[in-house]
Amino acid sequence: MAASRVSVDGVMLETRAATLAKRSFKTGAKRTGHDLLISCMDLTTLEGKDTPSKVRGLCARGIAPAPGAPSVAAICVYPSLVAVALEALRGSAVKVASVATGFPSGLTSLDVKLRETREAIAFGAQEIDMVIDRSAFLCGDYDAVRAEISAVRDACPGATLKVILEAGELGSYGAIRHACDLALDAGADFLKTSTGKIGISSTPPIALVMCEAIRDHLRRTGRAVGLKLAGGIRTTKDALGYVAIVNETLGATWLDPARFRIGASSLLDDVLMQREKERSGNYAGAAYVATA
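In short, a report on the structure. (Residues numbered from 1 in each chain as written. Predicted model: local features only at pLDDT ≥ 70, side-chain atom pairs only at ≥ 80, totals over all residues. Heavy atoms only, no water.)

**Overview of the sheet that holds strand 6 (residues 190–192)**
Now for step 1: A sheet is described by the order of its strands in space; here eight strands give the open sequence 1-2-3-4-5-6-7-8, paired in parallel fashion. Looking at the sheet topology across the chains shown, the edges are occupied by strand 1 (42–44) and strand 8 (260–263). Mean inter-strand twist for the sheet, computed between neighbouring axes without regard to direction, equals 25 degrees.
Now for step 2: The pairing of strand 5 (residues 160–164) with strand 6 spans three bridges and is parallel. Its bridge partner being in strand 6, Val163 is matched across the sheet by Leu191. (Pairing = 2+ DSSP bridges. Helix = DSSP H or I, 4+ residues; strand = E, 2+ residues; numbered from the N terminus. Axes fitted to C-alpha atoms, helices over the stretch in contact; angles between N-to-C directions.)

**Let's talk about the nonpolar core**
General note: in soluble globular proteins, nonpolar side chains tend to be found buried as a group.
Now for step 1: Ile75, Ile149, Val163, Leu165 and Met210 are the most contacted members of the largest nonpolar core, which totals 82 residues.
Now for step 2: Ranked by residues supplied to this core, first place goes to helix 9 (residues 204–221) with eight residues.
Now for step 3: Ignoring anything within four residues of it in the chain, the contact list for Val163 reads Met130, Ile132, Ile149, Ala183, Ala188, Phe190, Leu191 and Lys192.
Now for step 4: With seven residues, the next largest nonpolar core counts Leu46, Cys76, Val99 and Ile164 among its residues. (Core = buried A, V, L, I, M, F, W, Y, C linked by side-chain atoms within 4.5 Å. Buried < 20%, exposed > 50% of the residue type's maximum accessible area, 1.4 Å probe, protein only. Contact = heavy atoms within 4.5 Å.)

**Here's the deal with the pairing of strand 3 (residues 95–100)**
Now for step 1: Summarising burial for strand 3: five of the six residues are buried, a large majority.
Now for step 2: Pairing of strand 2 (residues 74–77) with strand 3, which is carried by four bridges, proceeds in the parallel orientation. Bridging from a neighbouring strand, Ala74 pairs with Lys95 of strand 3.
Now for step 3: For the crossover from strand 2 across helix 4 (residues 82–88) to strand 3, the handedness is right-handed.
Now for step 4: In the sheet, strand 3 pairs with strand 4 (residues 127–131) via four bridges, with the strands oriented parallel. Among the inter-strand pairings, Val99 is bridged to a residue of strand 4, identified as Asp129.
Now for step 5: For the crossover from strand 3 across helix 5 (residues 110–123) to strand 4, the handedness is right-handed. (Right-handed = clockwise from strand over helix to strand, strands pointing away.)

If you want it as structure tokens, here you go:
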């Protein structure tokens, strides 16, 4: 049964999000936090110039980002490159994710979206990152949005379904919360903030309103759903602020790749440099941090 529409106090939301995001981490916690961030990362390449060679390089980096560092959670690519990633990751614990449903706009027919989803699964994708139809949502056709998510859920049985809200296009915190609830009721395994292709992607208040939706869904249904933050997260300090929001709102059990992801490939360089600083007392030279 769907939850009633929730009212969101934007001032209170922003105040609490800002307070949580400023929580400091002591030295020992920072070291743990750095490895947590790496293990929860989805490294992504979603460009028109993507090639098999580029994907293989990204996969190699995801498996072994630095000496002693954990592997990332997943590599996310377009459906046509899923098989390349699957082969490159063979023998590792890193998952293969694929965007689908007309990424990033979502403005294709449902038949096309379902075919793309099924093809990604057939190629070997273990996770699907789908975009919602923001046009339908902004027109108030919420039943269509819910039905489409449900149909995609049925098209990828056994796979992890991450539903991308593109929160920066939805207009208000109340609308973001409503989109969260639609996706949760339709069977999303993860809520994801953004495609990373627009200016407003992840912000602390957006992350907090999504965490609250996940928390309330758990209380209402008993089903635990993950959170993926994507777009605009480039520094370790900012990323750890999001960890604090998740921990305070959802609890420590969410601080695991099964329930928390960060889709921010550019973040990895900074995390590795900060990790080395905590380990050795010195920032690594540029040669230490390999880039994809």
